[in-house]
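A structural walkthrough
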Amino acid sequence: MEQLSFFQSPDTALSVSELTRHVRTLLESDELLGDVWVQGEVSNFSRPKSGHIYFTLKDDQASLRCVMWRGMADKQTYLPQDGEAVEAHGGVSVYEAGGQYQLYADRIRPAGEGALYQEFLRLKEKLEGEGLFDAERKRPIPAWPGRIGIVTSPTGAALRDMLNTLRRRFPLAEVALAPASVQGEAAPGEIMAALEDLNEIFKPDVILLGRGGGSIEDLWAFNDEGVARAVAASAAPVVSGVGHETDFTIADFTADLRAPTPTAAAELATPDQTELREELTRNRLDLVQWLQSALGGFGRSLEAAVQRLAMNSPLQRVRRDRQRLDDHARRTERAVRHRADLLKAGLDGLGQRLAALSPQGVLGRGYAFVSQADGTAVRSAAQVKTGDPLDVRVADGEFGVEVTGENKKV
Amino acid sequence: MAKETPLEKMSYEEAFAELESIVGKLEEADQPLDEAMALFERGQSLAKHCGDLLDKAELKVQELSEDGQLSELE
């Protein structure tokens, strides 16, 4: 204000721009106005081609122009319609050309969400204090969930996603859907009843509790105290998959396993048949390997046995005996031949001796056989007288001679 | 081997558990050849049965009605 009083002379009046800029500076330097939540009813909501959002917030006594630039508008999960009660967050500044102050909003949410969040925190703290979130309370998800219960809306995308995932991964399972509204006033009661019925009637190995993404209000049934307690009390372990990855609900905290989405819940709860098939193939290979090594082993001992058998076979004995016989025969033959040789040698000697003794042999040595005409052998000189004819036999023939002298004793 | 469960009555889980135990038995113990061969053949059949079950498996989906009845879901 001091600055203004300095320029009070009409000669030095402020330009509109100067004044407006001054107001703007004032507003923008205010701590509250720079970071504020405003609650009101939406009117004149528009989003021209520029992508920016314009609307007015009002209550029964005042109204406030609001703008949200395209970059921020694109990030909102929720955009209001005229007549809705919302809470908008941002900073207050001046639109100089229009001479208007307005809220430059960066977030907008349905009214009451802030209160909901407080309620969320209160319930979370309470149940946490009771130990309902404790890790020791969490039951393991069975490795083989043959029976799978599903609690979700029968018409939602969550059911389709979960069933598709189960078909792809684990078609061996039996599934029972317990339909329940997943948003609106009736939802908590229906979800609790569905959990109870499934446990009582279907007796599943695991329960998938799912819901697709939505606003925090849409997901509110899963922040209901009754639902959270029913999840904790379920006989079968519960896998929750509510909303998107960033959404946490109280039911997520009391569930035995929290999955970021319904699809992920179905994945976390089941084995994948690809892995089952791999496991099966491994076992098949183990069997075949066993067979090969077993046959190898049995084959080797068989071979050894056959060898031992062959060594002890009667045939082998016969062969051995025959060899022994052969030996005998050979030795006998040798002995016989030796004897024969000896005999022959003896015979030869005898023969020679015999030959030496034969008259022929004597004749061969130059002696002659002399006989009288009547064939009588002449053994004595007294047997002959002069003029007697005699026969002389030598080795190769005979001839006649006459005695020319007589009786001369040698 | 007299009390073998007929394959067609066995769930995947049961058949696979028996298959694993057979592989274990064959790898651990020295069985007589005929018994070992019988185990081997049983193992082969179990593995085939499991494979068939997976191939033929079709997710069975039922709906639990409010009065507690289970019926096929379209």
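Refer to the structure above for everything that follows.
Heads up: these notes are all about the structure in this document. These numbers were taken from a predicted model, which means no experiment stands behind them.

All names here are of chain A. A cluster of acidic side chains, namely Glu125, Glu128, Asp134 and Glu136, defines a negative patch on the protein surface. Relative to the assigned elements, glutamate 136 resides in the loop between helix 5 (113–129) and strand 6 (147–152). The exposure class assigned to glutamate 136 is exposed, which follows from its relative accessible area of 69%.

The grouping of Leu14(A), Leu19(A) and Val23(A) at the surface amounts to a nonpolar patch, some 220 Å² of accessible area in total. Along the polypeptide, Leu14(A) turns up in the loop between helix 1 (2–6) and helix 2 (16–28).

Facing the 31 residues of chain A at the interface are 34 residues of chain B. Buried surface at the junction of chain A and chain B, summed over both partners, amounts to about 3,000 Å²; 72% is from carbon and sulfur atoms. For the pair chain A and chain B, the interface holds 2 salt bridges. Across the salt bridge formed by Glu174(A) and Lys60(B), the nearest N and O atoms sit 3.9 Å from each other. Remark: the boundary between chain A and chain B carries 9 residue pairs in polar contact (both at pLDDT 80 or more). Counting residues per element, the ones that place at least two in the side of chain A that touches chain B are helix 6 (157–169), strand 7 (174–179), helix 7 (187–202) and helix 11 (273–311) of chain A. Element by element, the count of residues in the side of chain A that touches chain B is highest for helix 11 of chain A, at 13 residues. When its residues are assigned to classes, the side of chain A that touches chain B shows 22 nonpolar, 2 polar and 7 charged. Sheet topology note: the strand 7 of chain A/strand 1 (residues 60–64) of chain B ladder contains 4 bridges and is parallel.

What counts and what doesn't
- Residues numbered from 1 in each chain as written.
- Chains lettered and ligands numbered in written order.
- Predicted model: local features only at pLDDT ≥ 70, side-chain atom pairs only at ≥ 80, totals over all residues.
- Heavy atoms only, no water.
- Patch = residues over 30% accessible without salt bridge, like charges linked within 9 Å, V, L, I, M, F, W, Y side chains within 5 Å.
- Areas by Shrake-Rupley, 256 points an atom, 1.4 Å probe, with all protein chains shown as cover.
- Salt bridge = Lys/Arg side-chain N within 4 Å of Asp/Glu carboxyl O.
- Lys, Arg positive; Asp, Glu negative; His and termini not counted.
- Charge placed at Lys NZ, Arg CZ, Asp CG, Glu CD.
- Helix = DSSP H or I, 4+ residues; strand = E, 2+ residues; numbered from the N terminus.
- Buried < 20%, exposed > 50% of the residue type's maximum accessible area, 1.4 Å probe, protein only.
- Contact = heavy atoms within 4.5 Å.
- Buried area = accessible area lost by both parts, 1.4 Å probe.
- Polar contact = N/O pair within 3.5 Å; in protein donor to acceptor, adjacent residues only side chain to side chain.
- Nonpolar A, V, L, I, M, F, W, Y, C, P; charged D, E, K, R; others polar.
- Pairing = 2+ DSSP bridges.

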